[in-house]
Every structure is written in C-alpha cells, then in structure tokens.
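Geometric and topological summary
Spelled out, the chains give:
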Amino acid sequence: MGTAILEPQVKNKIRPTKPFVPDLVYFEPRALEYPKGAKIMEWVKSQNIPYRMTTSHNRITNLPGETELEQYKNAKRTLVVGVRKTLTFDQSKPSAEYAIPISTGCMGHCHYCYLQTTLGSKPYVRVYVNTDEILGAAKRYIEERAPQITRFEAACTSDPVGLEHITGSLAELIEFMANEEFGRLRFVTKYHHVDSLLNLEHNGHTRIRFSVNSDYVIKQFEPATSRFEERIEAASKIAHAGYPLGFIIAPIIWYEGWQEGYAELLQKLEKALPKGLKDLTFEMIQHRFTKTSKAIIEKRYPKTKLEMDIAKRKTKWGRWGQYKYVYPDDQQTALREFITERIFEHFPDARIDYFT
Ligand code: SF4
C-alpha cells in the first residue's frame, strides 16, 4: 500500500543535479607525481572511469566521436589531469586583479559561454594538480602589491565549484587566502555543490558568487548546470557559513518579457535568502558576442534561440582583438536601470560592483 501511494510522488520529484563524473580521463604522467594527481587517479579507478595517459594537457587529439559536434560533446565529458606550467597569471578585470588558474574548461553547456571561443579546439575540462606552485605564484603577486589588496578570480576559464569534488582545489585556495592579510579570493558558479566548503576557515577573505538569471534564460540557454532553486539554496548555505556572498546576473538578455523575468528573479532571490544579509554584492554583465563566437555557437547549438543579430547590436572593441556586439545604448540603459531598481527594491543595502 505504502508503495502505491508513494510511487507517483517519487516519480514527480525533481532529482538533484548530480556532481560531474567524466566519461573519460587523461593523465599527464607528471601529474601522478603530485599527491592530488595520485588521489584523482584513485577516484577514477574507484568509479571505474576509463583513463589514458597523454604527453600534454594541451594536446588531446584523439577524442571519440564521428562528427565535430559529437567530439565537442564528448570533450565536455572528458577530464584532463595535468600540471600547470604557466604561472604568470592573466588579468581579470573588472572583477579582480588576477585570474588564478586551477582549472580550464567546463562540463556545462551554456550556449552563450565565452569559453566556446577562448578555448577554441580544446573544450575538454582540465584540472591542475600543482596547487602549491600556483599558490606560491599568488603569494608573489600579493607581496608585489602589498599593502594594497590583491583579488584573485578562480572562475575565469572554468566553473571550479563543479569540479571541487574531484580536486579539492578551492578548499586549498580558500584556506590559503584566509591567512593572507592582503589577498582575496573570489569565484562564481552555476553549480550548487558547495557542502565541502562550508566548514572551512575562510576569514571572510573569499567571496562566493552565484550566477543567476531569469527563468527563461536559465531554461533556454544553460543546460547541464544546477537549477536556479539549487543555486539559491547553496547561496543560503554560503551566507550561513559567513562567506561574503554575491550574485552575478549574466548574461543579461533582452527578450520579449525581460522586465517580468528579471523582476521575478529579484523577487525570488529575496524570498529564498536569509533576511538582513550583510555585504551582498551584485555584478551585471549584458550579453555580448563576436562574429567568431556566433559562428561557433550556431554550429554547436544549431537550435539555439539566442538572438545574435548583428544589425540589432552596437560594436565595442574587445580585448581579444575583435569587435564584440553589445546592446545599443538605449537598451543597455533600460536594462541597467530596471535591474538596478529591482536590486535596491529587494536588497536596499546591497552594492552593485559594475554593469558591463
Ligand atoms: S557554467 Fe559557466 S563556464 Fe560552464 S558552460 Fe556555463 S557559462 Fe560556461
């Protein structure tokens, strides 16, 4: 009897988004000399995931798949475990001074993601095992700028929260930065797997931000990421754990009904979050694309509803040496003003870091 009553409920229950488990893993032989590399190998074996060796994490050429699209999809489910050789950090304006490299690539399938272009033919997911060396480089950057604060962004080329159960790298970065008077860490995520970060000593030096958007944008353009409700629940946990919290609304998209969509987003955020949050920040990034990214997106997500009509956009010179297409000034102003007003309506004490 119990089963008969329970069954329909179980069927209707929305399943939690599972942590990423790759279909295939490559190791650089040198990665296995590091404790983190050896630990990942143990995990791979315990999960019965097939693995291969590779001479370099920058050269994975024989990915399975008959067509380019199949290879792309398989690459997104392929993990490469390597040693980060370049310890010169890129700049990461406007959110931080430097990008701290702990992983490159992401298993998410957000249609608009700029990694489509920046990672080019290497969309597989790379994680680096030499965290001590990476932190050594971070320490030097901090010392160079002291007593000014130096901020490091850990999510410039990846979504490290979605890989934390495999690497544990964010935990190491958070604990390192807790003891750095002049160092700060920040990262943004669309995944909700934050439990392993909740009891760490962070000393308020790490700001964790969640990428959020209107229901329409999340449903249309963000497959293979955690659902909105999961992200918000994770954000509450992060706030309860005392971390500085933030939200990135990105990409802000102009579509039929965007006002309702973004108004509802802010309403839902207020309803779901603990009251009286201190030191809450928002960042806003409007949708942009380049001619190159448009061509790649149309190939990889041929049915996408992402509007990329050059005639409806304004050009802006981009740091990648190409024009990017943003919204015309009147639309930008409308988006910025409307969403800013909604933010302050629901979170009067929040700070808006930038709109770009
Ligand atoms: S989760 Fe972030 S990094 Fe991953 S595909 Fe989506 S936008 Fe790109």
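Residues numbered from 1 in each chain as written. Predicted model: local features only at pLDDT ≥ 70, side-chain atom pairs only at ≥ 80, totals over all residues.

Let's shift gears to the packing of helix H10 (residues 258-272) against helix H12 (residues 329-346). Their axes nearest at 9 Å, the elements H10 and H12 cross at an angle of 20°. Classified by the angle their axes make, H10 and H12 are roughly parallel. Relative to H12, the crossing made by H10 is right-handed. Taking contact as the criterion, the partners of Gln-259, Tyr-262, Ala-263, Leu-266, Gln-267, Leu-269 and Glu-270 in H10 are, on H12, Phe-338, Ile-339, Arg-342, Ile-343 and His-346. (Axes fitted to C-alpha atoms, helices over the stretch in contact; angles between N-to-C directions. Helix = DSSP H or I, 4+ residues; strand = E, 2+ residues; numbered from the N terminus. Parallel < 35°, antiparallel > 145°, perpendicular 65-115°, else oblique. Left-handed = near helix turned anticlockwise from the far one by under 90°. Contact = placed C-beta atoms within 7 Å.)

In the vicinity of the ligand, the contacting residues are Cys-106, Gly-108, Cys-110, Cys-113, Leu-115, Asp-159, Lys-190 and Thr-225. The residue makeup of the shell around the ligand, split by class, is 4 nonpolar, 2 polar and 2 charged. (Near = placed C-beta within 6 Å. Nonpolar A, V, L, I, M, F, W, Y, C, P; charged D, E, K, R; others polar.)

Here we come to the UniProt feature "domain: Radical SAM core" (unreviewed entry) in the protein. Under the feature "domain: Radical SAM core" (unreviewed entry), the UniProt entry names residues 92-319. The distance from the first to the last C-alpha atom of residues 92-319 is 11 Å, and the span holds 34% helix and 21% strand. (UniProt positions renumbered as here; feature names shortened; annotations may be inferred.)

Another aspect to go through is the environment of Leu-197. Among the secondary structure elements, Leu-197 is positioned in the loop between strand S9 (183-189) and strand S10 (206-212). Residue classification places Leu-197 among the buried positions, given that 20 C-beta atoms sit within 10 Å. Residues Leu-197 and Val-125, spaced 72 residues apart in sequence, show a C-alpha to C-alpha distance of 21 Å. (Buried ≥ 20, exposed ≤ 12 C-beta atoms within 10 Å, placed from the backbone.)

Let's shift gears to unusual backbone geometry. In this structure, Pro-94 follows Lys-93 across a cis peptide bond, with omega equal to 0°. For Pro-94, the location among the structural elements is in the loop between strand S4 (91-92) and strand S5 (96-99). Note the cis peptide between Ala-250 and Pro-251, where omega equals -10°. Of note in the backbone geometry, Asn-203 takes a positive phi value of approximately 60° without being a glycine. For Asn-203, the location among the structural elements is in the loop between S9 and S10. Given 14 C-beta atoms within 10 Å, Asn-203 falls into the partly exposed group.

Attention now goes to the nonpolar core. Of all hydrophobic cores here, the largest spans 76 residues; its most connected members are Val-81, Ile-100, Ala-154, Leu-173 and Ile-249. Discounting residues that sit within four places of it in the chain, Ile-249 has contacts with Val-212, Asn-213, Phe-282, Met-284 and Ile-339. (Core = buried A, V, L, I, M, F, W, Y, C linked by C-beta atoms within 7 Å.)

Along the chain, Phe-289 falls in the loop between strand S12 (281-286) and helix H11 (291-300). The spatial distance from the C-alpha of Phe-289 to the C-alpha of Tyr-124 is 21 Å, given a sequence separation of 165 residues.

Within the open sheet, the 5 strands sit side by side as S2-S1-S3-S7-S6. Their pairing is mixed. Every other strand in the sheet has two partners, leaving strand S2 (51-53) and strand S6 (103-104) as the edge strands with one partner each. In the packing of helix H2 (residues 35-46) onto the sheet, contacts are made with strand S1 (24-27), S2 and strand S3 (78-82), and the angle to S1 comes to roughly 155°. (Pairing = 2+ DSSP bridges.)

Below, the discussion takes up H2. Taking 1.5 Å per residue as the helical rise, H2 with its 12 residues ought to reach 16 Å, and the 16 Å between its terminal C-alpha atoms agrees with that figure. Within the sequence span of H2, burial applies to Lys-36, Gly-37, Ile-40 and Val-44. Buried residues in H2, looked at end-on, bunch into an arc of 100°, giving them a common side. Facing away from the buried side of H2 by more than 90 degrees, the exposed set consists of Pro-35, Glu-42, Lys-45 and Ser-46. Those residues of H2 hidden inside the fold are in contact with S1, S2, S3, helix H5 (131-145) and helix H6 (164-167). Two residues or fewer after H2 comes Asn-48, characterised by a positive phi angle close to 55°. (Expected span 1.5 Å × (residues − 1). Arc of directions from axis to C-beta.)

With that settled, consider the confidence of the model for the protein. In the predicted model, the protein carries a mean pLDDT of 94, and the fraction of residues at 70 or more is 96%. Taken together, the stretch residues 1-5 has pLDDT below 50 and engages in 0 contacts with residues farther than four places along the chain or on a different chain. (pLDDT = per-residue confidence, 0-100.)

The end-to-end C-alpha distance of H10 is 21 Å, a good match for the 21 Å that 15 residues give at a rise of 1.5 Å each. Of the surrounding elements, those touching the buried residues of H10 are S10, helix H9 (228-240) and H12.

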